[in-house]
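Here's the letter readout for the chains.
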Amino acid sequence: MEYILIFISAIFVNNIVLSQFLGICPFLGVSKKVDTALGMSAAVAFVLTIATIVTFLIQKFVLDAFDLGYLQTITFILVIAALVQMVEIVLKKVSPALYQALGVFLPLITTNCCILGVAILVIQKDYDLLTGVVYAISTALGFGLALTLFAGLREQMSLVNVPKGMQGTPIALITAGLLAMAFMGFSGVV
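First things first, this report covers the structure right here in the doc. Treat the numbers as computed from the prediction; the structure is a model and nothing was measured.

Some remarks on the side chain of Thr-139
Turning to step 1, where the next piece is worked out: Considering the arrangement of structural elements, one finds Thr-139 in helix H8 (residues 129-157).
Turning to step 2, where the next piece is worked out: By relative accessible area, Thr-139 is classed as buried at 2%.
Turning to step 3, where the next piece is worked out: The contacts of Thr-139, once residues within four sequence positions are left out, are Ala-10, Ile-16, Leu-48 and Val-118.

Some words on the nonpolar core
Turning to step 1, where the next piece is worked out: One finds Leu-18, Phe-27, Leu-106, Ile-109 and Tyr-135 to be the most contacted residues of the largest nonpolar core, which totals 52 residues.
Turning to step 2, where the next piece is worked out: Of all the elements in the fold, those that place two or more residues in this core are helix H1 (2-13), helix H3 (34-63), helix H4 (72-94), helix H5 (96-102), helix H7 (113-124), H8 and helix H9 (169-184).
Turning to step 3, where the next piece is worked out: In terms of residue count, H3 provides more of this core than any other element does, 10 residues in total.
Turning to step 4, where the next piece is worked out: In this structure, Leu-106 is in contact with Met-40, Ala-43, Val-84, Val-87, Glu-88, Leu-91 and Tyr-99, ignoring residues within four places of it in sequence.

A look at the packing of aromatic side chains
Turning to step 1, where the next piece is worked out: The final tally for this structure, using the stated rule, is four aromatic pairs.
Turning to step 2, where the next piece is worked out: Their ring planes at 45° and their centres at 5.0 Å tell us that Phe-12 and Phe-186 sit as a pair that is tilted. Highlighted residues: Phe-12 in helix H1 and Phe-186 in the segment after H9, separated in sequence by 174 residues.
Turning to step 3, where the next piece is worked out: One aromatic cluster in this structure is built from Phe-12, Phe-183 and Phe-186.

So, unusual backbone geometry
Turning to step 1, where the next piece is worked out: The backbone phi angle of Phe-21 is positive, close to 60°, even though this residue is not glycine.
Turning to step 2, where the next piece is worked out: Looking at the secondary structure, you find Phe-21 in the loop between H1 and helix H2 (24-29).
Turning to step 3, where the next piece is worked out: Positive phi values are uncommon outside glycine, yet Asp-67 reaches one of about 55°.
Turning to step 4, where the next piece is worked out: Relative to the elements of secondary structure, Asp-67 occurs in the loop between H3 and H4.

Remarks on the packing of H7 against H8
Turning to step 1, where the next piece is worked out: Orientation of H7 relative to H8, taken along the N-to-C sense of each, is 150°, at an axis distance of 10 Å. With respect to their mutual orientation, H7 and H8 come out roughly antiparallel. Between H7 and H8 lies a crossing whose hand is right-handed. Within the contact between the two elements, H7 uses Cys-114, Val-118, Leu-121 and Val-122 and H8 uses Gly-132, Tyr-135, Ala-136, Thr-139 and Phe-143.
Turning to step 2, where the next piece is worked out: By residue class, the composition of the contact of H7 with H8 is seven nonpolar, two polar and no charged.

Some points on the pattern of salt bridges
Turning to step 1, where the next piece is worked out: Under the criterion given, the structure shown has one salt bridge.
Turning to step 2, where the next piece is worked out: Residue Asp-64 pairs with Lys-60 through a salt bridge whose shortest N-O separation is 4.0 Å.

A few points about the side chain of Gln-72
Turning to step 1, where the next piece is worked out: Note on placement: Gln-72 falls in helix H4.
Turning to step 2, where the next piece is worked out: Given a relative accessible area of 16%, Gln-72 falls into the buried group.
Turning to step 3, where the next piece is worked out: Setting aside chain neighbours within four positions, we find Gln-72 in contact with Gln-59, Leu-63, Ile-120 and Ile-123.

Details of the environment of Ile-89
Turning to step 1, where the next piece is worked out: Mapped onto the secondary structure, Ile-89 falls in helix H4.
Turning to step 2, where the next piece is worked out: Here Ile-89 falls in the exposed class, since its relative accessible area comes to 51%.
Turning to step 3, where the next piece is worked out: As for Ile-89 and Tyr-99, which are separated by 10 residues in sequence, their C-alpha atoms are 9.2 Å apart.

A closer look at the packing of H3 against H4
Turning to step 1, where the next piece is worked out: At a minimum axis separation of 9 Å, H3 and H4 run at an interaxial angle of 140°. Considering the angle they form, H3 stands oblique to H4. For H3 against H4, the interelement crossing comes out right-handed. Every residue of H4 that contacts H3 at Ala-43, Phe-46, Val-47, Ile-50, Ala-51, Val-54, Thr-55, Ile-58, Gln-59 and Leu-63 is listed here: Gln-72, Thr-75, Phe-76, Val-79, Ile-80, Leu-83, Val-84, Met-86 and Val-87.
Turning to step 2, where the next piece is worked out: When its residues are assigned to classes, the contact of H3 with H4 shows 15 nonpolar, four polar and no charged.

Reading the values: rules and limits
Residues numbered from 1 in each chain as written. Predicted model: local features only at pLDDT ≥ 70, side-chain atom pairs only at ≥ 80, totals over all residues. Heavy atoms only, no water. Helix = DSSP H or I, 4+ residues; strand = E, 2+ residues; numbered from the N terminus. Buried < 20%, exposed > 50% of the residue type's maximum accessible area, 1.4 Å probe, protein only. Contact = heavy atoms within 4.5 Å. Core = buried A, V, L, I, M, F, W, Y, C linked by side-chain atoms within 4.5 Å. Phe/Tyr/Trp six-rings, centres within 6.5 Å; stacked < 30°, edge-to-face > 60°. Axes fitted to C-alpha atoms, helices over the stretch in contact; angles between N-to-C directions. Parallel < 35°, antiparallel > 145°, perpendicular 65-115°, else oblique. Left-handed = near helix turned anticlockwise from the far one by under 90°. Nonpolar A, V, L, I, M, F, W, Y, C, P; charged D, E, K, R; others polar. Salt bridge = Lys/Arg side-chain N within 4 Å of Asp/Glu carboxyl O.

Remember, this is a structural readout, not a statement about activity or role.
Below you can see the structure in the form of structure tokens.
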């Protein structure tokens, strides 16, 4: 039952982008096309899950064991950067079209505070490894849901007549705010 609550909460109630405001850069930058948003969601989900496992193990067996907790942030950033490089190399070989579509945003996963935030939250909430992985996967699904919904809305907005002063970033930010308000409707669920 605990895993179901974590799953629902991370996707809908405490959505990492729309509720906790982590991962906004790729949320706004890669959300112009649904295909690109889905690709970015998959890349973030992979990196987020692997990073959570690796950072959890490093925290428990290295940082805590040797009383080096003060190195947590820098260690986690280095682990995430290495994992993103690995994903970048794999994507370049497996799906060159997706690699080109993601462009500059793929290296931005390195600085995506969503990934670092989840890795740190797993430690702060004192989750065990399995619960941490469930939380990471759920958070990644929530990120992907928000990103894909937002990309779909932005694709639809490109088909309508938006006033000149509101085109581009202004209407995107207003839409993101409305989407966040819509997700607030889930706040009483869990």
